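Each chain, letter by letter, is given below.
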Amino acid sequence: MVLTKSEMEIMDVLWNSNVPLSRSDLLARQEEKSWKDSSVHIMLNSLLRKGAIREVGFVKRTKTFGRTFAPALTREEYFATTIFCHNHKPQIVGLVKALLSREDIAPEELAEIKKLIAEK
């Protein structure tokens, strides 16, 4: 699954939220956007088709009801899937080596990675 820039902006809002959001909630929380307010429903439907978000309920707004949405996958799960959706897939060992060479990995994160590898 590959998301457009506009879809990523919506996903960022959803990932940063602790609760499901409606269309109007998304519009209120998105400060800088590259899309028009009137096209948010098109992007939400696209994200639903791609499996990036899921519909989780309804909320009453004045006299009407609106759907609420939540991410169907975490930010990390999304980026992990994008690595392997290209024709030139990296080797797992080389990818892990490159990730571990980053300077910003905390010792606690390394300990958790070691634990995950041991469990696998």
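Residue numbers here run from 1 along each chain, matching the order of that chain's written sequence. Per-residue local features are limited, in this predicted model, to residues with pLDDT of at least 70; the limit for side-chain atom pairs, both in listing and counting, is 80 or more; totals at the level of whole chains, interfaces and linings are taken over all residues. As a rule here, side-chain values cover all heavy atoms of the structure and leave hydrogens and water aside.

1. Some details on the layout of surface pockets
Throughout, the protein atoms alone are placed on a 1 Å grid, and a set of points is a cavity if a 1.4 Å probe fits but cannot get out or a pocket if it is open with protein on both sides within 12 Å along at least five of seven lines; lining residues have an atom within 4 Å of a point. Grid points are joined across faces, edges and corners, and a volume is the space filled by probe spheres set on the points. Approximately 860 Å³ is the volume found for the largest pocket. As for the largest pocket, its lining consists of 19 residues, of which E76, A80, I83, L99 and I113 are closest to the centre. For the lining of the largest pocket, the secondary structure elements donating two or more residues are α4 (75-83), α5 (92-100) and α6 (107-119). Partitioning the lining of the largest pocket into residue classes produces 13 nonpolar, no polar and 6 charged. A run of H or I in DSSP becomes a helix once it reaches four residues, and a run of E becomes a strand once it reaches two; helices and strands are each numbered from the N terminus. Polar here means any residue outside two lists: the nonpolar Ala, Val, Leu, Ile, Met, Phe, Trp, Tyr, Cys and Pro, and the charged Asp, Glu, Lys and Arg; Gly therefore counts as polar.

2. Examining the packing of helix α1 (residues 5-15) against α4
Here the axes come from fitting lines to C-alpha atoms, over the contacting stretch only for helices, and the angles between their N-to-C directions go from 0 to 180 degrees. Interaxial distance between α1 and α4 falls to 11 Å at its minimum, and their mutual angle equals 145°. Touching M8, D12 and W15 of α1 are R75, Y78 and F79, all from α4. For this analysis, residues touch if any pair of their heavy atoms sits within 4.5 Å.

3. Description of the sheet that holds strand β1 (residues 21-22)
Reading across from one edge, β1-β3-β2 is the order of the 3 strands in this open sheet, with antiparallel pairing throughout. The two strands at the open ends of the sheet, each matched to only one other strand, are β1 and β2 (53-61). By the bridge criterion, 8 bridges tie β2 to strand β3 (residues 64-71) in an arrangement that is antiparallel. If you follow F58 over to β3, its bridge partner there is R67. Contacting β2 and β3, helix α3 (residues 40-50) runs over the sheet at an angle of about 140° to β2. We treat two strands as partners when DSSP finds at least two bridges between them.

4. Topic: α3
Each residue is placed in one exposure class: buried if its accessible area under a 1.4 Å probe, protein chains only, is under 20% of its type's maximum, exposed if it is over 50%, and partly exposed if it falls in between. Inspection of α3 places V40, M43, L44, S46 and L47 among the buried residues, and these make up the whole buried set. For α3, the angular spread of buried residues about the axis comes to 160°, placing them on one side. Exposed positions of α3 whose direction lies more than 90 degrees from the buried face are I42 and R49. Just beyond α3, the residue with positive phi is G51, at close to 85°. Comment: arc refers to directions from the helix axis out to C-beta atoms.

5. Here's the deal with the packing of aromatic side chains
Stacked, tilted and edge-to-face are the three classes applied to pairs of Phe, Tyr and Trp rings, where Trp contributes its six-membered ring and a pair requires centres within 6.5 Å; stacked means planes under 30 degrees apart, edge-to-face means over 60, and tilted covers the rest. In the structure shown here, the tally under the stated rule is 2 aromatic pairs. Aromatic side chains W15 and Y78 sit 6.2 Å apart centroid to centroid with 40° between the ring planes, which places their arrangement in the tilted category. Of this pair, W15 sits in helix α1 while Y78 sits in helix α4, and the two are 63 residues apart along the sequence. Just as W15 is buried, Y78 falls in that class too. For the pair Y78 and F79, a centre-to-centre distance of 5.2 Å together with 70° between the ring planes defines the contact as edge-to-face.

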